[in-house]
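# A structural walkthrough
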Amino acid sequence: MDSELRQDIVSGDWVAIAPARSKKPEQFLKKEERVRVPIEGCPFEDPQKSGNNPPVLIYANDKKNSFIDKEFPGYQGDLKKWQVQILENKYPALKHKNVCAKEFKKGPYSIVEGVGYHDIVITRDHDKNFANLEKNTANLVFTAFKDRYLIIGKDNCMAYTSIFHNWGPKAGASVYHPHYQIISLPIIPPDIGRSLKGSDSYFFVNKKCVHCVMIEWENKKKARVVYENAGAIAFTPFVSREPFEVRIFPKKHLPFFEETEKKDMEAVTDVLQKVLKGIETKLKDPDYNFFIHTAPHVDKQKHGHYHWHIEVVPQISVSAGFELGTGIEITVVDPDEAAKMLKI
Ligand SMILES: [Zn+2]
Ligand SMILES: [Zn+2]
């Protein structure tokens, strides 16, 4: 295909889709093996022994293979059987207090105090990343996300809660053992703000959810669909900012992550696991990030037009001067080709 400048209908971002003619998509994939850090000295094998905070929430697996979740310290079961735990980060980017963040000025600059929450979610196995977790454990991770989200959401000082995962050093993970992060902020982050605004304007003009429209279109065309089940769908976005980027949506119009019922959440979890497994096997195990975009927990009544989703971004290309200087990403793999390679 010839190069195209494409504009994201939600965020307004521009992207240059410029597949390199001389190279096949496979040639952008990494060649080196993943470095496995040994279990000895891992700070997440026995987090509390390694000086981490006590868990905020802990989830264990009983003998019948059913899961018990109790808010710590009410949990009475065998803590050694934990499968998932949420801890407050030892080195938090933001700290919560009993009062909301103050806003102030310093000369020409605006400042909001760094009040918020910064948690990590750890799964038990040292090597099993999200793609390789047993289904029950993968579902439990999302149950933990939702439980913690609902607790933080009661704090009226918080505007937005971001849930994300860094897998591998290129994706920003400083510890090898699989872990996820939840950061809550007193402000709406700029990417979320633009996404909400775009979704709101589209709804105002068309009386439809922009993401539902895209889901319907992708489902009809099939060219970019990577995988779907009854409740969720994954496709490579028409306006991909990175090669092999994938977005996952619940099929039902759901603005709020935290209001998603078990069945729909399990459908999303299943699609996420399949997509990540596909990335691992078909793209030679690259590092990647995934994150949730959802309507915020402040001013909820205004955000019914939004459709929560997960974005998966493999760390394959590096942003250079043009990207930094213009905000326009150059994507060297056509998302249609990316979907062909990732299709399950
Ligand atoms: Zn470990
Ligand atoms: Zn929708």
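Remember, it's a predicted structure, so these values are computed and weren't measured experimentally.

What counts and what doesn't
- Residues numbered from 1 in each chain as written.
- Chains lettered and ligands numbered in written order.
- Predicted model: local features only at pLDDT ≥ 70, side-chain atom pairs only at ≥ 80, totals over all residues.
- Heavy atoms only, no water.
- Helix = DSSP H or I, 4+ residues; strand = E, 2+ residues; numbered from the N terminus.
- Rg over C-alpha atoms; globule rule 2.2 N^0.38 Å.
- Buried < 20%, exposed > 50% of the residue type's maximum accessible area, 1.4 Å probe, protein only.
- Areas by Shrake-Rupley, 256 points an atom, 1.4 Å probe, with all protein chains shown as cover.
- Lys, Arg positive; Asp, Glu negative; His and termini not counted.
- Charge placed at Lys NZ, Arg CZ, Asp CG, Glu CD.
- Domains from an automatic or database assignment.
- Contact = heavy atoms within 4.5 Å.
- Buried area = accessible area lost by both parts, 1.4 Å probe.
- Salt bridge = Lys/Arg side-chain N within 4 Å of Asp/Glu carboxyl O.
- Polar contact = N/O pair within 3.5 Å; in protein donor to acceptor, adjacent residues only side chain to side chain.
- Nonpolar A, V, L, I, M, F, W, Y, C, P; charged D, E, K, R; others polar.
- Disulfide = S-S within 2.5 Å.
- Donors = N, O, S within 2.8 Å, 3.2 Å for Na, K, Ca; no water.
- Tetrahedral: all angles 85-135°; square planar, octahedral: opposite > 155°, others 65-115°.
- Pairing = 2+ DSSP bridges.

Along its length, the chain carries six helices and 16 strands. What you see for the chain is a C-alpha radius of gyration of 20 Å, in line with the 20 Å of a compact globule of 344 residues. Projected onto its principal axes, the C-alpha coordinates of the chain cover approximately 60 × 50 × 45 Å. Considering the chain as a whole, with its 344 residues, one finds that 49% of them fall into the buried category. For the chain, the exposed surface amounts to about 17100 Å²; the carbon and sulfur share of it is 56%. Each charge class in the chain was averaged separately, 49 positive and 46 negative side chains, and the resulting centres sit 1 Å apart.

Here the chain is described as being made up of domain 1 (36-187) and domain 2 (189-344). If you average the C-alpha positions of domain 1 and of domain 2, the two centres end up 23 Å apart. Contacts between the two partners involve 31 residues from domain 1, matched on the other side by 31 residues from domain 2. For the pairing of domain 1 and domain 2, the buried interface totals around 2700 Å² over both sides, and the portion due to carbon and sulfur atoms is 59%. Counting across the interface, domain 1 meets domain 2 through one salt bridge. At the junction of domain 1 with domain 2, the criterion picks out 15 residue pairs in polar contact (both at pLDDT 80 or more). Of all the elements in the fold, those that place two or more residues in the side of domain 1 that touches domain 2 are helix H1 (135-153), strand E9 (160-167) and strand E10 (179-185). With nine residues, the top contributor of residues to the side of domain 1 that touches domain 2 is H1. A class-by-class count of the residues in the side of domain 1 that touches domain 2 yields 19 nonpolar, nine polar and three charged.

Our focus in this paragraph is the state of the cysteines. With the rule as written, the count across this model stands at one disulfide. There is a disulfide in this structure between Cys100 and Cys157, and the S-S distance comes to 1.9 Å. Across the S-S bond of Cys100 and Cys157 the torsion is about -75°, and the bridge reads as left-handed. Placement of the pair is Cys100 in the loop between strand E5 (82-88) and strand E6 (103-106) and Cys157 in the loop between H1 and E9, with a sequence separation of 57 residues.

Further remarks concern the coordination of the zinc ion (ligand 2). Protein ligation of the zinc ion (ligand 2) involves Cys209 (SG), Cys212 (SG), His253 (ND1) and His307 (ND1), the donor distances falling in the range 2.1 to 2.3 Å. Classification of the site at the zinc ion (ligand 2) rests on its four donor atoms, whose angles at the metal span 104 to 114°, yielding the label tetrahedral. Spacing between the donor residues of the zinc ion (ligand 2) along the chain follows C-x2-C-x40-H-x53-H. Of this pair, His253 sits in the loop between strand E13 (246-250) and helix H4 (262-282) while His307 sits in the loop between strand E14 (288-293) and strand E15 (309-314), placing them 54 residues apart in sequence. According to the relative accessible area criterion, His253 is partly exposed, its value standing at 30%.

Turning our eyes to something else, we now look at the pairing of strand E12 (residues 232-235). Of the two faces of E12, the one carrying Ala232 and Ala234 and the one carrying Ile233 and Phe235 are both buried. Pairing of strand E11 (residues 225-228) with E12, which is carried by three bridges, proceeds in the antiparallel orientation. The partner of Glu228 across the bridge, within E12, is Ile233. Remark: three residues form the turn of the hairpin made by E11 and E12, two consecutive strands paired antiparallel.

Let us look at the side chain of Thr331. Considering the arrangement of structural elements, one finds Thr331 in strand E16 (residues 329-331). Relative accessible area serves as the criterion here: at 0%, Thr331 is assigned to the buried category. Of note is the side chain of Thr331, whose polar atom sits 3.1 Å from the backbone oxygen of Arg241. Beyond its immediate stretch of four places on either side in the chain, Thr331 contacts Val15, Ala16, Ile17, Ala18, Pro19, Ser240, Arg241, Glu242 and Pro243.

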